[in-house]
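Residues per chain, in single letters:
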Amino acid sequence: MISEHNKAKALLPSWASQLLLRSGLYILGFGLLLALTLATFHLPVFSSAELLFHGAFGDQFGIGRTASKATPLLLCGLGVIVAWKAGMFNIGGEGQFVSGGLLGAAVYPVLQSHHISGSIAIVCILVASAVGGAIWAGIAGFLKVRRGVDVVISTILLNFIAFQIMKWLVSGPMMEKSGGLPETPQITSKDILWHPNPQTDFHLGIAIAILVALVIWWIQYRTRFGLEMRVVGDNPTAARSNRLSSGRRQIEAMLISGALCGLAGGIEYSAMAGQIGLDFNQNWGFLAIPVALAAGLQPLYAIPSAIFFGSLFAGSVNLSRYTQSGDSVIYIIQAIVVLGLVAGQTWKMKSRRTGEVIG
Amino acid sequence: MSILSVRSIIATIPYAAPVAFAGLGESIGQLSGLINVGLEGMMLTGAYFALVGTTLFPGHFAVEAGFACGTIAAVLLAVISAIFTVWLNADQVVVGTAVNLLALGLTTTLFRDHYGQSGSLISLPSLHRTFGFDALTIAFLLLLPMSWFLVYRTGWGLAIRAAGDYPPAAESAGFSVRRLRTGAALIGGFMAGLGGAYLVLGTTATFTENMTAGRGFLAIALVTFGRWKPSWIALAALFLGLLDSLQYQLQATGIHISAYLLQSLPYLGALIVLSIAGTGSFAPKSLGIPLKSHE
Amino acid sequence: MKSLDVRSISKAFGATQALQNVSLTFKGGEVHAVLGENGAGKSTLVSVIAGFLKPDSGSIVSDGEELPLGQPHLTRQMGVAMVHQHFTLAPSLSAAENYTLGHLTKLGCLVNPRKKEAELKSRATEMNWSISAREKASALPVGMQQRLEILKNIGSNSEVLIFDEPTAVLTQDESAELLQSLRHFSASGKVVILIAHKLSEVLSVADQISVLRKGVLIGSVNRSEATSENLAEMMLGEPPRFDKVQTELNLSEGLRLDSVSVLGDAKNRAITNLSLEIRRGEIVGIGGVDGNGQYELSEAVTGVRKIKSGQIRFAGKINPVLAYIPGDRRAEGLALSLTLWENLLIGKKRGDGVHDGYLNLKVIRSWARNLLTKFQVKALGERDLASSLSGGNQQKVVVARELDRNPELIVALNPTRGLDIKASEFVRSSLLKASNDGAAVLLISTDLDELAEVADRVHFLQGGRLSEPSDIKAMVSQ
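What counts, and at which threshold
- Residues numbered from 1 in each chain as written.
- Chains lettered and ligands numbered in written order.
- Predicted model: local features only at pLDDT ≥ 70, side-chain atom pairs only at ≥ 80, totals over all residues.
- Heavy atoms only, no water.
- Helix = DSSP H or I, 4+ residues; strand = E, 2+ residues; numbered from the N terminus.
- Expected span 1.5 Å × (residues − 1).
- Buried < 20%, exposed > 50% of the residue type's maximum accessible area, 1.4 Å probe, protein only.
- Pairing = 2+ DSSP bridges.
- Axes fitted to C-alpha atoms, helices over the stretch in contact; angles between N-to-C directions.
- Contact = heavy atoms within 4.5 Å.
- 1 Å grid on protein atoms, 1.4 Å probe; cavity = no way out; pocket = protein on both sides within 12 Å on 5 of 7 lines; lining within 4 Å.
- Points joined across faces, edges and corners; volume = space filled by probe spheres on them.
- Phe/Tyr/Trp six-rings, centres within 6.5 Å; stacked < 30°, edge-to-face > 60°.
- Core = buried A, V, L, I, M, F, W, Y, C linked by side-chain atoms within 4.5 Å.
- Patch = residues over 30% accessible without salt bridge, like charges linked within 9 Å, V, L, I, M, F, W, Y side chains within 5 Å.
- Areas by Shrake-Rupley, 256 points an atom, 1.4 Å probe, with all protein chains shown as cover.
- Salt bridge = Lys/Arg side-chain N within 4 Å of Asp/Glu carboxyl O.
- Disulfide = S-S within 2.5 Å.

A.B. asks: Honestly, helix α11 (residues 246-273) of chain A in this entry has me stumped. Any pointers?
C.D. replies: An α-helical turn contains 3.6 residues, so any two residues separated by three or four positions project in the same direction. Residue and element names in this part refer to chain A. An ideal rise of 1.5 Å per residue puts 40 Å on 28 residues; α11 measures up with 38 Å between its terminal C-alpha atoms. The element α11 is extensively covered by neighbouring structure, given that 22 of its 28 residues are classed as buried. Two residues or fewer past α11, Gly-274 is found with a positive phi of approximately 75°.

Take a look at the structure:
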């Protein structure tokens, strides 16, 4: 391992070689895992894999699907990373996704009535959705820091509340009056987030998400603020002894995390769904947790991780067209990846542990 | 006040029971220091394998076979979960997330493989009811005092409460916290399986993909809302079921309160209770914290 | 009469030999004190006897019968009971429940709370103690918690009673009372083993005294032969050296505490009316047993903990440039899963590549590398994770980070605890150097040797109150 690593180092900057080595190993491992899972469910391994691959990368439609599914996974995954690195187990990405989408959709009629459209309207929608998500996560952050309410529990509760509020809004106050279906009005085509080719799902969102990943990486690893958030998450007592205000950093981390998930909701609304109906929550906030974990909670690794899982979900659409199985196989793969990583970490820690004991 | 008649309360029991079972099991797990985010997955597994059990053993004991298969499958999932959280000191939230995905993926894939795409609705034999009560709801009424007794009147109950509060307290008394927590996790799995199986065999008489639809998470919230006390949790579950049925009756009487908002009340209530009291004041002190691995 | 034989017990943790071939005999009817500095192996020894740790070799024999090793439950059933240094009470359970837990024979048995409450009360009365049986353990005063701890862990059939530093958190009166109860136990023929590092306590209560140093049994003496001098020499080894050069007397104004009171975590009064002055260039030592307000004092002076009343000033200012070396480097000093350069950066406001917010990594890395070299941290590079270093090197990282900012005030709490001699020497000389450069140093330590070596004067903290300065050099070198 070490010699390989050094060789790679000579050719490339160390971060690039790390990234390559890591993704190479992961792709190999995931490939094997995929084959095994497919075989377990009596699916023909090679033809299924081909279907998956074709569905994800085979043509412009496939690539578009992959990108459109990687986008919410990446943004919500980044949200998970920021919060978890600060010691806040935000598992309410889905609720923040929903509240983000809702605030975005609530702003849209206001924009229309002021005759604001095009890119300005889109920016307004996306900003509103980030704010919506941030507010929702901020509640959990505030309750944790000020009232000691466990984030896991509060974000579960807030998820449910967000879903119910969404159902109420889209079937009541925000419902399109003429339609009669529980849906908000459809965004007009000129206000939809830019699609280079309107026939595919490929849209600007993936570029935004990757840009955001770079920004989050920069914040986490190149600013004192990011360092402090990570110190607080790693060891709150050390943060206290060093007179860092952990509570503030934790609330800020939740706000950022919620904003990212909310942004994902806003993009989903303005680029894919075009309106919010009862089925707006597609569970991206939850499915992004394995994306973040597989990336080792590193913002940059989250990019390949999100694209990988996005492509699996995209490909599974194709798989379900020809076989009984579809996206459900992908959940299994996600689960095994997470458990495998957890087991691997434990093993690594055990082999490294040195005894420093005070008698 | 017809809404709150005895009959309407009894009618809500089948809806409240799945969550109540799971919540009761989860409270024991949480008292020992384990928060099981994978509860949803365990319920779903219980539900699916109840379906498998009844179809594998049709005939007189189809329902019993369903309950047996459902609980066994959920307990197996709890074993996997406990290996990671208790014996490998893995983070409980991470493992719970994986367990949920695993259960969702497995049940959906197997269901589609063996019962065709979700389109075909399956009708299953279900529990026999008299006066709105079936064997399982009666069993639940018995389980309630039994779990109270287990937690507050036996050595094991005392030891798991110590393990969830301050693990060294149990260790110094000579009990292995790992074993205690494993036991509690298995009980949690069993009860979640029972709840899931009941959803199939007692409530809906069918199985659909991802049919638990958040009930597991709801059960986790209930435990907090019920402040880790068995009877409170059962009452909270009943209250929830009542709100659920209240919406239909309100619609009938023409009162315009959104059913959706009404349904969010329990969650909102739980959140408010927690923020006023602070989780810290009732929650087991070591909830969610993995054991430090000491040699 | 009961007796307990420890036969050539050895135990190693990694590379550290915590116990080396230790053999000892404990007799019934005697209070037998095991004395030693922190890290001498006392706690390891009693943990082995009580079955919580399995030794690498050796055996333990009680009245001709070999005790099971590494099986606390069995050992306990054979009558060996241990009262731990850290309380093992479950804070949210009631006193009676904690007591019941301690006397559970098996998990399957039923619990009758009324009966257990009565039993706890009657056993407390036997000892002339009073305990509120229904109160949550966390709500009891510390002294009562200690009594509950004793009743929880000692059964009526216990013949061997081990007390691991039982007075660590007690006030002077409470300590005296507790030591009295040890005599009460030994008078009834039981074997009483007392772990301690306080000479006065040991001399006041023990019949037999054994001293451990660095895992080796130095010797066993009868109370009648023991003096504080020979015990100190046995504990500490060679007499300490004195390096501190007395600098010029007219030192400028430094830290000043005026009748400061501080609350502890349990809202108890941890520090009461404490006044202290440390001039720049001066090292003031605070000695005393852990739990007498040391931790709270260090946190109050560094501003981590709010003070309840009084005033803390540094040459008239509120915020001097401060270095804080906390008591537990793993828990408080470092973020272990972060890299060394990141750890060195914690709390750094600007300079060396830290701009108003963003970080210039090139500059920071070379700064970090230099710092690691300067403070002799053994690491492969600045990008190592803090968790990969040994304890001594981790502490050097903390010291490097804190001293690099040229502090005006240094607060160090047990800065050398658990370190080997070389690392300890390095940390102490760093403190000396910083004080010679003009920093005011508050050194809080349970290590008398250390205080004698570096401090200009030493006070003792007892129950949150500060003693008059003592002549530590005289105390140690007597």
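So, next bit.
A.B. asks: What am I meant to see in the sheet that holds strand β7 (residues 160-164) of chain C here?
C.D. replies: In any sheet, the strands associate via hydrogen bonds between backbone groups, in a parallel or an antiparallel arrangement. All names here are of chain C. With mixed pairing, the six strands of this open sheet are ordered in space as β6-β7-β8-β3-β9-β10. Across the chains shown, the open sheet's two edge strands, defined by having one partner strand only, are β6 (80-83) and β10 (216-222). Pairwise comparison of adjacent strand axes, ignoring direction, gives a mean angle of 20° for this sheet. As paired strands, strand β9 (residues 208-213) and β10 are joined by six bridges and run antiparallel to one another. Counterpart to Ser-210 in the pairing with β10 is Ser-220. The sheet contacts of helix α5 (residues 142-153) involve β6 and β7, and relative to β6 the element is tilted by about 160°.

A.B. asks: Even after reading the chapter, I still don't get empty space enclosed by the protein, so can you show me in this structure?
C.D. replies: Unfilled space is identified by rolling a water-sized probe across the atoms. All names here are of chain B. This model, assessed by the stated rule, comprises seven cavities of 30 Å³ or more. Quantified by volume, the largest cavity comes out at close to 140 Å³. Looking at the largest cavity, it is lined by 19 residues, and the ones nearest its centre are Leu-34, Ile-35, Asn-36, Ser-81 and Ala-185. At the level of secondary structure, the elements contributing two or more residues to the lining of the largest cavity comprise α1 (6-31), α3 (62-87), α4 (92-115) and α8 (177-204).

A.B. asks: Looking at this model, I keep getting lost on the packing of aromatic side chains. Mind explaining?
C.D. replies: To describe a pair of aromatic rings, you give the distance between the ring centres and the angle between the ring planes. In this structure the tally under the stated criterion is 20 aromatic pairs over all chains. Geometrically, the ring pair formed by A:Phe313 and A:Tyr331 is tilted, given 5.9 Å between the ring centres and 55° between the ring planes. Highlighted residues: A:Phe313 in helix α13 (residues 299-322) and A:Tyr331 in helix α14 (residues 327-352), separated in sequence by 18 residues. A relative accessible area of 13% places A:Tyr331 in the buried class. Ring plane angle 35° and centroid distance 6.1 Å describe the contact between C:Phe163 and C:Phe185, whose orientation is recorded as tilted.

A.B. asks: Help me out: how do you make sense of the nonpolar core in this one?
C.D. replies: Proteins that are soluble and globular tend to have nonpolar side chains buried together. In terms of nonpolar packing, the biggest core is built from 190 residues, with A:Leu73, A:Leu78, A:Trp84, B:Phe67 and B:Phe207 touching the most fellow members. Ranked by the residues each element gives to this core, the list is headed by helix α7 (residues 151-171) of chain A, at 13 residues. Residue contacts for A:Leu78: discarding those within four places in its chain leaves A:Ala209, A:Val212, A:Ala213, A:Ile216, A:Leu260, A:Pro299 and A:Ala302. By size, the runner-up hydrophobic cluster in this structure holds 51 residues, among which are C:Ala335, C:Val399, C:Leu403 and C:Val427.

A.B. asks: Looking at this structure, I do not really get unusual backbone geometry. What am I missing?
C.D. replies: Glycine aside, the phi torsion of most residues is negative, and most peptide linkages are trans. Residues and elements named next belong to chain C. Within the chain, Asn-128 stands out as a residue other than glycine whose phi angle is a positive 65°. Relative to the elements of secondary structure, Asn-128 occurs in the loop between α4 (113-126) and α5. If you check the backbone angles, Asn-406 has positive phi at about 50° while not being a glycine. Relative to the helices and strands, Asn-406 is located in the loop between α13 (391-403) and β16 (409-413).

A.B. asks: Sorry, what's going on with a nonpolar patch on the surface here?
C.D. replies: Residue and element names in this part refer to chain A. Where nonpolar side chains cluster on the molecular surface, the patch consists of Leu-103, Val-123, Val-127, Val-131, Ile-135 and Ile-139 and spans about 460 Å² of accessible area. Of all the elements, helix α6 (residues 119-147) adds the most residues to the nonpolar patch, at five residues. With respect to the helices and strands, the residue Leu-103 is situated in helix α5 (residues 93-113). Judged by its relative accessible area of 31%, Leu-103 is partly exposed.

A.B. asks: Before we go on, may I ask you to explain the state of the cysteines in this structure?
C.D. replies: Per the counting criterion, the structure on display carries zero disulfides over all chains. Left without a disulfide partner, A:Cys261 is nearest to the cysteine sulfur of A:Cys76, which lies 4.3 Å away.

A.B. asks: Got a minute to help me understand the sheet that holds strand β2 (residues 16-27) of chain C in this structure?
C.D. replies: Residue and element names in this part refer to chain C. The strand order β2-β1-β4-β5 describes an open sheet built from four strands, whose pairing is antiparallel. The open sheet terminates on both sides in strands that have one partner only, identified here as β2 and β5 (65-66). Where strand β1 (residues 3-13) meets β2, eight bridges bridge the pair, whose relative direction is antiparallel. Paired with Leu-4 across the two strands is Phe-26, which belongs to β2. Against the sheet, helix α1 (residues 42-50) touches β1, β2 and β4 (57-62), its axis set at about 60° to β2.

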